[in-house]
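Per-entry structural report
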Amino acid sequence: MALFPFGDYCWKHIFALFTLATGRTPTTLQNYLANLILVKRVMSGQKSQGHANDEETFYMHCRAAYLSLFKSSLTNITSKQQLCRVLQQAGRNPSQATLNKYWTPRTTKLNFDDFCEILKSEVPTEERELLRAFKKMDVNGDGCISHKELFDALTSRGEKMNPEEVNAIFSLADTNKDGKLDYAEFCRLLLSTAERCQNAALERVEADVRLKKQNFGNQPDSPPQNQPDLLNPQPPITPPRPELDGTLRKESRPPSRPSSARSRRSSLFNTVTMAASAKSNRPAEPASLQEWSHASARGCLFLEEDGGVSSLQYRLHLPQTTCVYLTIQPLNLSQRPDKPSSWMAVDTALFVVSGGETKEESSLVGFTEQRDKEKFVWKGELSAGTYFLLPFTTCCRLRKRRKSASKPVQLVNTSDSGQLDLTREFRGALSDIFEVIDLDGNGLLSLEEYNFFELRTSGEKCDEEAWVVCKENFDTRRNQLTRQGFMELNLMEAGERGGDPADLWVTLEAMGYNHALEMVEACPFLIDAHCEQGQLSVQPVSLDTGPRMLSAGLQKSITARGEARALRGEAGALRGEAGAIRGEAGAIRGEAGAIRGQDRGLRGEDVLLYTYKGEHRISSLIANKSSHKVTVHVNNEPCSNCSSSRGMSVFAVEVPAKTKMVCQHVLPTNERQDWTYSCLESIIPC
């Protein structure tokens with residue numbers, strides 16, 4: 001089969017014809033075709049030559065498209081226009097409806113992982129769809145487009161061309177010189193040319209070792225045969241245990257190792273065996289807890305479009321120095337004892353921070369390390385004053401889910417008399433939402449509680465005057481909205497739009513619901529605070545600095561409690577590449593670890609790796625003290641019965657200069673079984 005030449009002039013004409021036939025942006029056809037071949041290979045499970053598997057090749061192409069627009073995969077997408085451009089670089093040519101699906105009014109940023117998930121969902125048009133588009137131009141249905149038909153179309157519509165350019169099309173595509181364009185053959189030529197382009201790009205990646213080592217999800221090379229790799233001892237192979245969806249899975253191939261093995265770079269291999277939660281010691285409640293002062297508050301952890309988690313913060317006030325007992329747990333809203341709410345397995349935590357309302361002024365006091373079933377506990381003595389309670393989850397069990405393709409549940413219906421009413425399913429969802437936003441649990445909604453809900457769902461607040469009108473028209477008690485009043489309010493909003501549920505779905509999605517009316521992207525929780533002396537209080541607040549305070553507290557908890565083992569590279573092993581991580585397999589000993597390197601003058605203590613081992617989770621953090629960005633390759637494939645917050649078994653973490661960054665959190669998949677955390681890390685060149 002013939003191939004199209006690779007000149008820009010040739011592609012210019014093919015782009016124009018493609019645009020006319022399909023309506024797609026012409027500048028992305030070449031990427032579109034290359035990605036079409038790649039995605040079809042990934043979906044069919046075929047293997048690409050020179051790569052361990054197509055999933056890793058897919059991530060390599062994702063990163064190549066991302067870096068064509070951004071300087072680093074750490075850079076976030078900050079606008080719908082940027083999202084459109086980077087998707088076009090990956091050959092997706094998104095419509096406005098597609099962009100609106102991923103960039104909603106609440107979206108402020110998307111990261112590289114979000115971009116990869118979008119590419120998985122938005123599969124390019126297949127060859128048969130391309131042929132269907134060309135058939136629209138085939139007037140007599142003979143499988144060919146005449147010179148006149150093509151000339152009239154290309155010179156009057158779409159990307160208009162001059163007669164010389166139309167003739168150039170035929171000189172390439174009219175292979176038998178009969179004055180007609182066999183568009184089926186034309187499409188085959190396009191695909192074969194695109195595959196040749198893709199293979200050339202892959203060959204360039206293979207030739208560029210430095211670029212290859214920076215790929216996310218890269219399958220590293222093995223050391224030369226018959227030559228023992230003393231710096232990289234292999235872990236013992238253990239039989240895989242049953243694992244649930246979304247967990248780290250071990251494939252049939254051997255565990256991956258850093259691609260720099262050829263450079264004799266050493267790597268750290270950490271192995272920690274954790275006991276099943278049933279074997280852990282449960283914290284003992286204070287004997288006189290029932291006599292202590294008590295306050296409680298509700299809230300919810302919400303998954304955002306950018307993959308982050310948001311929540312209210314809480315202000316704890318203590319009038320005097322006293323012993324404090326704090327707990328946080330998922331809030332069960334199910335009415336059936338035999339079927340608890342789906343989010344009850346989500347891990348929650350509470351970070352206690354003292355000081356002012358900024359990261360610089362605050363300091364970590366403690367966090368809930370102990371566990372009693374779904375309840376996470378902290379006990380300690382606190383001085384008189386004000387503290388902030390910051391809710392947290394690792395996201396190992398609270399993940400973004402793909403949008404359901406099923407038909408949305410009906411929210412409103414109309415009676416024979418023409419009156420609108422809320423369906424039973426919608427009323428059930430609204431009742432659960434009422435429980436979530438009833439922060440003090442008194443069965444009523446105050447103006448402050450209702451405004452937290454309004455800010456979450458619409459970005460606006462209800463003022464005092466509007467609240468007075470609300471109380472005049474809907475059921476209230478003690479100047480607060482009742483559950484029935486909340487239902488009436490939503491029914492009124494549905495009636496104002498003639499039963500159109502669009503705005504109702506915006507509210508539901510903001511509260512974590514999918515179109516099956518399941519709360520899948522949120523976790524309601526309950527905080528209980530007890531103090532032995534005095535009368536404490538817990539009040540919900542919304543701090544702009546809350547996320548930064550939580551990030552600083554989380555990092556401090558790992559570096560203060562997670563003193564990891566030393567990691568050192570072999571001196572002189574690298575010439576111009578990033579330095580090695582050196583370590584021995586075994587349990588964490590508690591000493592701080594240093595990742596040594598020589599690239600760009602990295603010193604022995606420039607990069608530190610901390611690993612925190614708690615009773616129920618393991619967390620790791622990378623501290624980059626150097627003046628250059630560093631990239632760390634992470635391989636979790638040897639793990640057993642583990643679930644990572646990254647959602648991938650092989651990934652890379654880029655840490656900017658003078659920055660600390662959490663690498664990952666890991667929880668057991670099946671808490672009734674022991675679990676083994678076996679992680680292989682190595683620095684790769686930047």
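On a predicted model such as this, the values are computed, not experimentally measured, just so you know.

**Re the overall build of the protein**
- Secondary structure assignment for the protein yields 17 helices and 26 strands.
- Here the protein holds 686 residues, and the buried ones make up 52% of them.
- Long-range pairs, those at least 24 residues apart, make up 72% of the contacts in the protein with a sequence separation of at least 6.
- As displayed, the protein has an accessible area near 31700 Å², and 47% of this comes from carbon and sulfur atoms.

**Description of the environment of K373**
- With respect to the helices, strands and loops of the structure, K373 is situated in the loop between β10 (370–372) and β11 (375–382).
- Residue class for K373 comes out exposed when judged on its relative accessible area of 52%.
- It is 8.3 Å that separates the C-alpha atoms of K373 and R282, two residues lying 91 residues apart in sequence.

**Description of the packing of helix α4 (residues 80–89) against helix α6 (residues 112–121)**
- Running from amino to carboxyl end, α4 crosses α6 at an angle of 60°, the nearest separation of the two axes being 11 Å. Considered as vectors, α4 and α6 are oriented oblique to each other. Of the two possible hands of crossing, α4 and α6 adopt the one that is right-handed. For the pair α4 and α6, the contacting residues are L83, V86 and L87 in the first and F115, I118 and L119 in the second.
- Looking at the contact of α4 with α6 residue by residue, the class counts come to six nonpolar, no polar and no charged.

**Focus: the packing of helix α13 (residues 447–457) against helix α16 (residues 502–510)**
- As a packed pair, α13 and α16 sit with axes 9 Å apart at the nearest point and diverge in direction by 105°. Judged by the angle between their axes, α13 and α16 are roughly perpendicular. Only V506, T507 and A510 of α16 make contact with α13, whose side of the interface consists of F453, R456 and T457.

**Points about helix α15 (residues 483–496)**
- Taking 1.5 Å of rise per residue, the 14 residues of α15 would be expected to cover 20 Å, and the 20 Å separating its terminal C-alpha atoms lies within 8% of that figure.
- G485, F486, M487, L489, N490 and A494 are the residues of α15 that are buried.
- Tucked inside the fold, the buried residues of α15 contact β13 (412–414), β14 (420–422), α12 (424–437), α13, β16 (480–481) and α16.

**Quick word on the sheet that holds strand β17 (residues 522–531)**
- Spatial ordering of the open sheet is given by β5-β4-β17-β7-β11-β10, a layout of six strands whose pairing is antiparallel. The open sheet has two edge strands, β5 (309–310) and β10, and neither has a second partner.
- Here strand β7 (residues 322–330) runs beside β11; their pairing, made up of seven bridges, is antiparallel. When the bridges of β11 are listed, T327 appears paired with V377.

**A short note on the nonpolar core**
- Formed by 68 residues in total, the largest nonpolar core has its most connected members in I433, F486 and L508.
- Contacts of F486, omitting those with residues within four sequence positions, involve L430, I433, F434, I437, L445, Y450, F453 and L481.
- In this structure, F58, C116, V634 and M648 belong to the second largest nonpolar core, which totals 42 residues.

**Quick look at helix α8 (residues 147–156)**
- Within the span of α8, buried status applies to L150, A153 and L154. Buried residues of α8 fall within an arc of 90° about the axis and therefore sit on the same side.

**Looking at the pairing of strand β6 (residues 313–318)**
- Pairing between β6 and strand β18 (residues 537–541): five bridges, direction antiparallel. Bridge pairing links H317 to S537 in β18.
- The pairing of β6 with strand β12 (residues 385–392) spans five bridges and is antiparallel. If you follow R315 over to β12, its bridge partner there is F388.

**Section: the state of the cysteines**
- In this structure the tally under the stated criterion is zero disulfides.
- C395 forms no disulfide, and the closest cysteine sulfur to it belongs to C396, at a distance of 7.9 Å.
- Cysteine C679 shares no disulfide, and the gap to the nearest cysteine sulfur, in C663, comes to 6.3 Å.
- Assessed through its relative accessible area of 0%, C679 is described here as buried.

**Notes on unusual backbone geometry**
- Residue C395 is not a glycine yet carries a positive backbone phi of 70°.
- With respect to the secondary-structure elements, C395 resides in the loop between β12 and β13.
- Backbone geometry places L517, a non-glycine residue, at a positive phi of 60°.
- Its location among the elements puts L517 in the loop between α16 and β17.
- Here L517 falls in the buried class, since its relative accessible area comes to 15%.

**Quick look at the environment of Q480**
- By the secondary structure assignment, Q480 is in strand β16.
- In this structure, the C-alpha to C-alpha distance between Q480 and L444, residues 36 residues apart in sequence, is 5.7 Å.
- If sequence neighbours within four positions are ignored, Q480 has contacts with N442, L444, L445, S446, E449, W467 and D475.
- At 3.3 Å, the side chain of Q480 forms a polar contact with the backbone nitrogen of S446.

**Points about the packing of aromatic side chains**
- Here the structure, examined in full by the defined rule, presents eleven aromatic pairs.
- Here the aromatic rings of F351 and F392 are separated by 5.6 Å at their centres, their planes lie at 85°, and the arrangement is edge-to-face. Linking F351 in strand β8 (residues 349–355) with F392 in strand β12, this pair joins segments that are 41 residues apart in sequence.
- Judged by its relative accessible area of 0%, F351 falls in the buried class.
- Measuring from centroid to centroid gives 5.6 Å for Y450 and W467, while their planes differ by 35°, and the two rings are tilted.

Rules and cut-offs
- Residues numbered from 1 in each chain as written.
- Predicted model: local features only at pLDDT ≥ 70, side-chain atom pairs only at ≥ 80, totals over all residues.
- Heavy atoms only, no water.
- Helix = DSSP H or I, 4+ residues; strand = E, 2+ residues; numbered from the N terminus.
- Buried < 20%, exposed > 50% of the residue type's maximum accessible area, 1.4 Å probe, protein only.
- Contact = heavy atoms within 4.5 Å.
- Areas by Shrake-Rupley, 256 points an atom, 1.4 Å probe, with all protein chains shown as cover.
- Axes fitted to C-alpha atoms, helices over the stretch in contact; angles between N-to-C directions.
- Parallel < 35°, antiparallel > 145°, perpendicular 65-115°, else oblique.
- Left-handed = near helix turned anticlockwise from the far one by under 90°.
- Nonpolar A, V, L, I, M, F, W, Y, C, P; charged D, E, K, R; others polar.
- Expected span 1.5 Å × (residues − 1).
- Pairing = 2+ DSSP bridges.
- Core = buried A, V, L, I, M, F, W, Y, C linked by side-chain atoms within 4.5 Å.
- Arc of directions from axis to C-beta.
- Disulfide = S-S within 2.5 Å.
- Polar contact = N/O pair within 3.5 Å; in protein donor to acceptor, adjacent residues only side chain to side chain.
- Phe/Tyr/Trp six-rings, centres within 6.5 Å; stacked < 30°, edge-to-face > 60°.

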